[in-house]
Structure formats: structure tokens, C-alpha cells
Amino acid sequence: MVDVQRVLAADGSVVGAVPDMSDCRLRELLVHMLRVRCIDERMLKLQRSGRIGFVGSTLGLEAAMIGSAAALGPMDWMWSGLREGAAAVMRGLPLDEYVAQMFCNSNDTAKGRQMCNHFQHAGSHYPSWSSGIGTQLTHGVGAALAAHRRGLDEVHAIYCGDGASSSNGFHSGLNFAGVWKAPCVFVLVDNGWAISVSSRAQTAAESYAAKGRAYGVPGVEVDGNDVLAVHGVTAEAVETARGGGGPSLIVLKTYRMLGHSSSDDPTRYRDPEEVAAWAERDPIDRYETFLLDRGVLEAGGRERLAAATLAELDEVIRTQEAAAPMSTRTLVEDVYAEVPGHLRRQYNDFARIQESHGEARPGEGAFPL
Ligand SMILES: Cc1ncc(C[n+]2csc(CCOP(=O)(O)OP(=O)(O)O)c2C)c(N)n1
Ligand SMILES: [Mg+2]
């Protein structure tokens with residue numbers, strides 16, 4: 001049996017060593033977790049009302065995401081799995097860029113080359129998500145190693161899900177990192193499910209943390225709904241990696257409260273009692289109780305913080321929903337310094353068809369040949 005590291009019990013009582021953090025920093029963690037939840041709530045509503053196409057919910061994962069990402073410095077890198085977009089907001093991804101990506105409008109920095117809900121932000125060292133499971137592990141390790149060889153003080157946090165632990169990238173990534181002592185931290189978010197495959201059915205290993213052993217990468221399991229435990233363990237692993245001590249594998253035990261995505265119906269494959277049991281371990285309720293007991297949060301503080309975030313979000317949504325769609329011309333741009341003749345001809349044909357179906361404004365972006 002692997003011990004699960006914990007600072008706060010599910011009822012918010014203290015059962016481990018509280019990390020040495022100022023009251024202001026402790027409160028900040030709650031603010032960011034609430035932002036994750038508010039963003040999730042608003043995006044789901046937009047999707048359900050047909051205003052955006054797709055959402056991968058993060059309900060229940062707030063402590064795992066924020067506790068771990070908050071342990072990184074601004075020079076460090078964060079390689080997302082499938083659900084850490086709101087942690088990038090904490091690291092500097094502007095909220096309007098986040099929402100623009102959800103609408104895939106003309107402000108989307110991915111220029112519509114990703115499906116929505118796949119973020120990137122160069123400014124905060126947050127590379128673009130990959131829908132292909134597990135690819136980020138080898139990319140992240142390579143980048144960590146390159147940074148080390150160039151003498152840069154960077155740690156690369158590489159996230160993946162329980163399902164991704166069965167991908168090729170997981171094994172080559174951990175092996176590569178172990179052999180070369182790459183300055184990285186693997187954050188495996190075990191949220192109970194990989195679409196409809198239960199985490200228990202994903203592996204015959206005694207635990208996900210034990211998987212690191214084969215590669216000489218020490219593994220630890222943490223209560224992923226306990227933001228203080230997640231933060232403390234990640235901070236230690238980041239320090240080790242920064243000091244040349246090599247990579248670690250952190251397994252965050254948490255739960256995906258809603259479906260895999262807005263296209264999924266989880267009631268078809270999981271027991272409502274399991275979901276109800278995890279609702280009792282809500283990461284925000286737990287942390288709120290701790291902060292109230294400690295006098296760092298005032299009664300009604302959570303509601304006021306959430307209301308302010310929702311108001312900010314609604315303003316951003318209004319602006320981004322009204323923004324122009326991405327120009328279809330971007331389909332053929334950015335590959336060649338100058339769009340070659342054969343692509344211009346194909347695009348012009350396409351633009352004519354779009355116009356005749358009323359799906360594009362007259363002459364939109366057509367290339368004069
Ligand atoms: C290489 C590859 N295989 C299969 C899929 C289909 N797929 C998308 S998400 C997913 C499950 C991912 O589960 P997990 O890693 O636990 O992440 P979570 O969705 O729980 O955050 C699968 C199998 C894919 N995107 N890429
Ligand atoms: Mg999962």
C-alpha cells in the first residue's frame with residue numbers, strides 16, 4: 001500500500017503539516033480555485049445553450065490543478081494534459097484569450113487550428129495542448145533537457161491523466177527523464193476515469209506512483225482534493241528538480257465530477273453512489289472551512305469572490321461573443337512565407353463556394369491571383 005499524503009481531511013480539519021505560507025497566499029489559492037470553478041460553470045452554460053461547441057469540465061479538479069501549478073515559478077513551464085487551462089489563467093493567460101479560444105473567433109491565438117477548449121500561451125510558458133493522448137510527455141522532457149543543457153533555470157511540470165499512463169509517451173517520457181535526470185515533475189491526475197474506463201481497470205500495478213520505480217523516478221500519491229497537500233508535495237518536487245536531483249512522479253488522487261466532455265453521458269457507465277461519495281470530498285468546500293477556521297476568510301467571502309469573478313467573466317464573454325469569426329483565409333496561411341499559387345487557387349474556389357452558400361461575406365479573404 002502506498003501512503004496518500006494529506007494536510008486537510010475532507011471536513012477541512014488539519015491532519016498534516018500546513019505549508020509555511022502567508023495568509024495572503026493561502027487566500028490567493030482559494031481565489032484561483034474559485035476562478036477555475038466559475039470559468040467551468042460559465043463555459044458549460046455556453047455549451048448547453050449552443051453558443052460554443054465543446055467543453056471538458058474541470059469540476060472537482062480545482063485543488064489538483066491550482067495546488068500543483070501554484071508551486072511553479074514564472075520561468076517554469078507547464079505542459080497540460082486535458083484539463084489545466086484555468087491554471088494557465090493563473091499563470092497569465094488573459095481571460096479574454098481563454099474565452100476567445102472557446103468561441104474560436106478572430107481573437108483565438110490558435111487561429112482555429114485547435115478545436116475549442118485547447119489552450120496555449122507563450123507568455124506563461126504554456127505550450128499548446130494536444131488531443132493526442134500522452135504526446136506532451138516526451139515533448140516536455142525534451143524541452144526540460146534542452147533547458148538544462150542551455151543553462152536555463154527552468155523546471156518543466158508535465159501533466160497527464162490516469163488514462164495517459166497507458167500511452168507510449170508516458171513510458172518513453174519517464175524513461176528518458178530518469179536516464180537523463182531531466183529537470184521535470186510529472187503530475188499524473190488520477191481523476192478516476194479515462195472517458196468510460198475506470199482508473200481501477202487502467203492498470204494492474206499496485207498504484208500509479210509505483211510506475212515510476214521502473215524508470216528510477218520516485219513516485220508519491222497525494223490527496224488531489226487537498227490543495228495544501230498538493231502544493232506542498234509539488235513544491236518539494238520542483239525544488240528537487242531545480243537543484244539537479246532529477247524528476248519525480250506525483251499522483252493526484254481526485255475525481256472528475258462530470259462527464260469526460262460535454263459530448264459524454266457518464267450516467268451510462270458509473271455508479272451515482274461513487275459520484276455522491278466524491279461530492280462529500282469537494283476540494284473548495286474543504287479549503288473554505290480551513291480558511292474560515294483560521295480566520296483568513298470572512299463569512300460570505302467565498303460568495304463575494306465568486307460573484308466578482310462571474311461578473312468579470314460575463315463582461316469578457318459579451319465582448320468575445322460579439323467578435324468577428326476567424327477568417328477562413330488562415331486555412332492556407334502561416335505555412336509558407338508566401339501562399340503558393342496552388343493553395344491560392346484552392347482557397348479561392350473554396351471562398352466562392354462559401355459565398356454562394358451564404359457562409360462567408362462576399363470576397364472574404366480571397367487571394368487575387
Ligand atoms: C492517442 C489517443 N488515443 C485515444 C484518444 C481518445 N481519448 C481522448 S481522451 C481519452 C481518455 C483520457 O483519459 P485520462 O488520461 O485519464 O484524462 P482525463 O480525460 O481523465 O483528464 C481518450 C482515450 C486520444 N485522444 N488519443
Ligand atoms: Mg482520467
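Quantities reported herein were computed from a predicted structural model and do not represent experimental measurements.

### What about the overall build of the protein?
Consideration 1: Assigned secondary structure in the protein consists of twelve helices and eight strands.
Consideration 2: Whereas a compact globule of 369 residues would reach a radius of gyration of roughly 21 Å, the protein reaches 22 Å, a difference of no more than 12%.
Consideration 3: For the protein, the spread of C-alpha atoms along the principal axes amounts to about 70 × 50 × 40 Å.
Consideration 4: Here the analysis covers contacts within the protein between residues at least 6 apart in sequence; of these, 74% occur between residues at least 24 apart.

### Some details on unusual backbone geometry
Consideration 1: If you check the backbone angles, Cys 104 has positive phi at about 50 degrees while not being a glycine.
Consideration 2: One can find Cys 104 in the loop between helix H4 (95-103) and helix H5 (135-149).
Consideration 3: Residue classification places Cys 104 among the buried residues on the basis of 22 C-beta atoms within 10 Å.
Consideration 4: The backbone of His 125 shows a phi angle near 55 degrees, a positive value even though the residue is not glycine.

### Things to note about the sheet that holds strand E3 (residues 156-161)
Consideration 1: The strand order across the open sheet formed by six strands is E1-E7-E8-E4-E3-E2, and the pairing between neighbours is parallel. Looking along the sheet, the strands with just one partner apiece sit at the ends: strand E1 (4-5) and strand E2 (77-79).
Consideration 2: Of the pairings in the sheet, the one linking E3 to strand E4 (residues 184-190) comprises six bridges and is parallel in character. Bridge pairing in E4 links Tyr 159 to Val 187.

### Concerning the environment of Ile 52
Consideration 1: Looking at where Ile 52 falls in the secondary structure, it is placed in the loop between helix H1 (23-48) and helix H2 (62-69).
Consideration 2: In this structure, Ile 52 is in contact with Met 43, Leu 46, Gln 47, Met 102, Phe 103 and Cys 116, ignoring residues within four places of it in sequence.

### Quick word on the site of ligand 1
Consideration 1: In the vicinity of ligand 1 lie 16 residues, with Ile 133, Gly 161, Gly 163, Ala 164 and Ala 194 positioned nearest.
Consideration 2: In terms of residue class, the shell around ligand 1 is built from six nonpolar, seven polar and three charged.

### Re helix H10 (residues 283-294)
Consideration 1: With twelve residues, H10 extends 17 Å from end C-alpha to end C-alpha; this agrees with the ideal 16 Å at 1.5 Å per step.
Consideration 2: Within H10, the full set of buried residues consists of Pro 283, Ile 284, Arg 286, Tyr 287 and Phe 290. Within H10, the buried residues cover an arc of 160 degrees as seen down the axis, which keeps them to one side.
Consideration 3: Considering only its buried residues, H10 is in contact with H1, H2 and helix H8 (227-242).
Consideration 4: Positioned one or two residues after H10, Gly 295 has a phi angle of 80 degrees, which is positive.

### Concerning H1
Consideration 1: A rise of 1.5 Å per residue sets the reference length of H1, with its 26 residues, at 38 Å; its end C-alpha atoms lie 38 Å apart and thus fit the reference within 8%.
Consideration 2: After H1 finishes, the residue Gly 50 shows a positive phi value of roughly 75 degrees.

### Thoughts on the pairing of E4
Consideration 1: Most of E4 sits out of view: seven of its seven residues are buried.
Consideration 2: Of the two faces of E4, the one lined by Cys 184, Phe 186, Leu 188 and Asp 190 and the one lined by Val 185, Val 187 and Val 189 are each fully buried.
Consideration 3: Pairing of E4 with strand E8 (residues 248-253), which is carried by six bridges, proceeds in the parallel orientation. The partner of Val 189 across the bridge, within E8, is Leu 252.

### Concerning the pairing of E3
Consideration 1: Of all six residues in E3, six are buried, a share of seventy percent or more.
Consideration 2: Crossover E3 to E4 through helix H6 (residues 168-180) is right-handed.

### Describing the environment of Lys 253
Consideration 1: Summarising the element assignment, Lys 253 is placed in strand E8.
Consideration 2: Under the C-beta neighbour-count criterion, Lys 253 is labelled buried, with 26 such atoms within 10 Å.
Consideration 3: Linking Lys 253 and Gln 120, residues 133 residues apart in sequence, is a C-alpha distance of 25 Å.
Consideration 4: In this structure, Lys 253 is in contact with Val 4, Asp 190, Glu 221, Val 222, Asp 223 and Gly 224, ignoring residues within four places of it in sequence.

### Description of the packing of H1 against helix H11 (residues 301-322)
Consideration 1: Contact pair H1 / H11: the axes reach a minimum separation of 9 Å and the direction vectors enclose 50 degrees. In terms of their interaxial angle, H1 and H11 are classed as oblique. Note on packing geometry: the crossing formed by H1 with H11 is right-handed. Within the contact between the two elements, H1 uses Val 31, Leu 34, Arg 35, Cys 38, Ile 39 and Arg 42 and H11 uses Arg 302, Leu 305, Ala 306, Thr 309, Leu 310, Leu 313 and Ile 317.
Consideration 2: In terms of residue class, the contact of H1 with H11 is built from nine nonpolar, one polar and three charged.

### Some remarks on the nonpolar core
Consideration 1: By size, the foremost hydrophobic cluster in this structure holds 87 residues, and its most contacted members are Ile 66 and Ile 250.
Consideration 2: Per-element accounting of this core gives the leading share, nine residues, to H1.
Consideration 3: Residues within four places of Ile 250 in sequence aside, it is in contact with Val 185, Phe 186, Val 187, Leu 188, Val 220, Val 222, Val 233, Thr 234 and Ala 237.

### Quick word on the packing of H1 against H10
Consideration 1: Running from N to C, H1 and H10 cross one another at 155 degrees; their axes reach a closest spacing of 11 Å. When the axes of H1 and H10 are compared, the pair comes out roughly antiparallel. Crossing of H1 against H10: the hand is left-handed. Facing H1, whose interface residues are Leu 26, Arg 27, Leu 30, Met 33, Leu 34 and Arg 37, H10 presents Pro 283, Ile 284, Tyr 287, Glu 288 and Leu 291.
Consideration 2: When the residues that make up the contact of H1 with H10 are grouped by side-chain class, the tally is eight nonpolar, no polar and three charged.

Conventions used here
Residues numbered from 1 in each chain as written. Chains lettered and ligands numbered in written order. Predicted model: local features only at pLDDT ≥ 70, side-chain atom pairs only at ≥ 80, totals over all residues. Helix = DSSP H or I, 4+ residues; strand = E, 2+ residues; numbered from the N terminus. Rg over C-alpha atoms; globule rule 2.2 N^0.38 Å. Contact = placed C-beta atoms within 7 Å. Buried ≥ 20, exposed ≤ 12 C-beta atoms within 10 Å, placed from the backbone. Pairing = 2+ DSSP bridges. Near = placed C-beta within 6 Å. Nonpolar A, V, L, I, M, F, W, Y, C, P; charged D, E, K, R; others polar. Expected span 1.5 Å × (residues − 1). Arc of directions from axis to C-beta. Right-handed = clockwise from strand over helix to strand, strands pointing away. Axes fitted to C-alpha atoms, helices over the stretch in contact; angles between N-to-C directions. Parallel < 35°, antiparallel > 145°, perpendicular 65-115°, else oblique. Left-handed = near helix turned anticlockwise from the far one by under 90°. Core = buried A, V, L, I, M, F, W, Y, C linked by C-beta atoms within 7 Å.

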